[in-house]
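Listed here are the chains, written in short residue letters.
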Amino acid sequence: MADAILETEGLTKEFRGFVAVSDVSLRIARGSIHGLIGPNGAGKTTCFNLLTKFLQPSRGTIRYEGRDITRLKPAEVARLGLVRSFQISAVFPHLSVLENVRIALQRSRGASFDFWRSDRVLSRYHDRAMELLDDVGLADFAPVAAGLLPYGRKRALEIATTLALEPRVMLLDEPTAGMTHEDVDRIIALVRRVAAGRTVLLVEHNMKVVSGLCERITVLARGQVLAEGDYAAVSRDPAVIEAYMGSEAPAHA
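No experiment lies behind these values; they were computed from the predicted model shown. (Residues numbered from 1 in each chain as written. Predicted model: local features only at pLDDT ≥ 70, side-chain atom pairs only at ≥ 80, totals over all residues. Heavy atoms only, no water.)

This paragraph deals with helix H6 (residues 151–164). Between the first and last C-alpha of H6 there are 20 Å, a value that for 14 residues agrees with the 20 Å anticipated at 1.5 Å per step. Taking burial as the measure, the 14 residues of H6 include 12 buried ones, the bulk of the element. Along H6, the residues that are buried comprise Gly152, Arg153, Arg155, Ala156, Leu157, Glu158, Ile159, Ala160, Thr161, Thr162, Leu163 and Ala164. On its buried side, H6 packs onto strand S7 (82–84), helix H3 (97–105), helix H5 (126–135), strand S8 (169–173) and helix H7 (181–194). In the stretch just after H6, Glu166 is the one whose phi turns positive, near 55°. (Helix = DSSP H or I, 4+ residues; strand = E, 2+ residues; numbered from the N terminus. Expected span 1.5 Å × (residues − 1). Buried < 20%, exposed > 50% of the residue type's maximum accessible area, 1.4 Å probe, protein only. Contact = heavy atoms within 4.5 Å.)

What follows is the structure in structure tokens.
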């Protein structure tokens, strides 16, 4: 397997006796699009929260670029280039699409986000913000209040703000959740495009997205790794099919 940029070993999270993630070992290849799938309650989002340090593991280690980041804080791992999105689109609804991206770009100034600065000072971020909006197909929406965007385009805006943080690894939590078929196709094309030169780890329920994007897939069930491989292999795995019974089985997607 290619050089790993992100790895876990024995990753475990317990909540008052309930084991949400149990002994999970992942190896995410540099430059790949890696899927993390499983039935509801499998531990996928908990895994994301552990990787990005919104939760501390009960046991196990997390290594990024060979460095142990197990005890770092969320902002610290984000500064290292490990940046995530969330299941629910997170935008500033009363600011314009352009202003949302410019705020993310202000990370280059350090801890200050300078809401009080003049438009003249912040205009230095305009060109780069427009480049990012063009990358995600939102250049024509730059002056529109973010809260007025259709849901699918809000998710595209969130990807633009994630890209503004210059991630080396993007963790996308259900990027197509609640979308129309047209929006799903747009996001598939977008993720494929922005993945060039970086690594993507995504949690996704839509098997069309997983099969269309992911080079390698890890299947979780009851907090444990059930199977791993390419889509053809995991979709035919009897244990995976059984775990998905009553849900959307990958083999029939």
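Moving on, there is more to tell.
Where H6 meets H7, the axes come as close as 10 Å, and the angle between the chain directions of the two elements is 10°. Considered as vectors, H6 and H7 are oriented roughly parallel to each other. Facing Gly152, Arg153, Ala156, Ile159 and Leu163 of H6, the residues of H7 in contact are Asp183, Arg186, Ile187, Leu190, Val191 and Val194. (Axes fitted to C-alpha atoms, helices over the stretch in contact; angles between N-to-C directions. Parallel < 35°, antiparallel > 145°, perpendicular 65-115°, else oblique.)

By the criterion of burial, S8 is predominantly enclosed, with five of the five residues buried. By the bridge criterion, three bridges tie S7 to S8 in an arrangement that is parallel. Counted as the bridge partner of Arg84 is Leu171 from S8. In this structure, S8 lies alongside strand S9 (residues 199–203), joined through five bridges in parallel fashion. (Pairing = 2+ DSSP bridges.)

This part covers the pattern of salt bridges. Applying the stated criterion to the full structure yields 14 salt bridges. For Glu14, the salt bridge identified is with Arg59, shortest N-O distance 3.2 Å. Here Arg59 lies in strand S5 (residues 59–64) and Glu14 lies in strand S1 (residues 4–15), a separation of 45 residues in the sequence. The salt bridge involving Lys208 is made with Asp185; its shortest N-O contact spans 2.6 Å. On the criterion of sequence distance, the pair formed by Lys208 in helix H8 (residues 207–213) and Asp185 in helix H7 is long-range, its members being 23 residues apart. Exposure remark for Asp185: the relative accessible area of 38% places this residue in the partly exposed category. Overlapping salt bridges, with partners in common, bring together Asp3, Arg30, Glu65 and Arg168 in one network. (Salt bridge = Lys/Arg side-chain N within 4 Å of Asp/Glu carboxyl O.)

Summed over all chains, the structure comprises zero aromatic pairs. For Lys13, the ring lying beneath its charged end belongs to Phe15, and the centroid distance is 5.3 Å. Positioned above the aromatic ring of Phe54, the side-chain terminus of Arg84 is 5.5 Å from the ring centre. (Phe/Tyr/Trp six-rings, centres within 6.5 Å; stacked < 30°, edge-to-face > 60°. Lys NZ or Arg CZ within 6 Å of the ring centre and 35° of its normal.)

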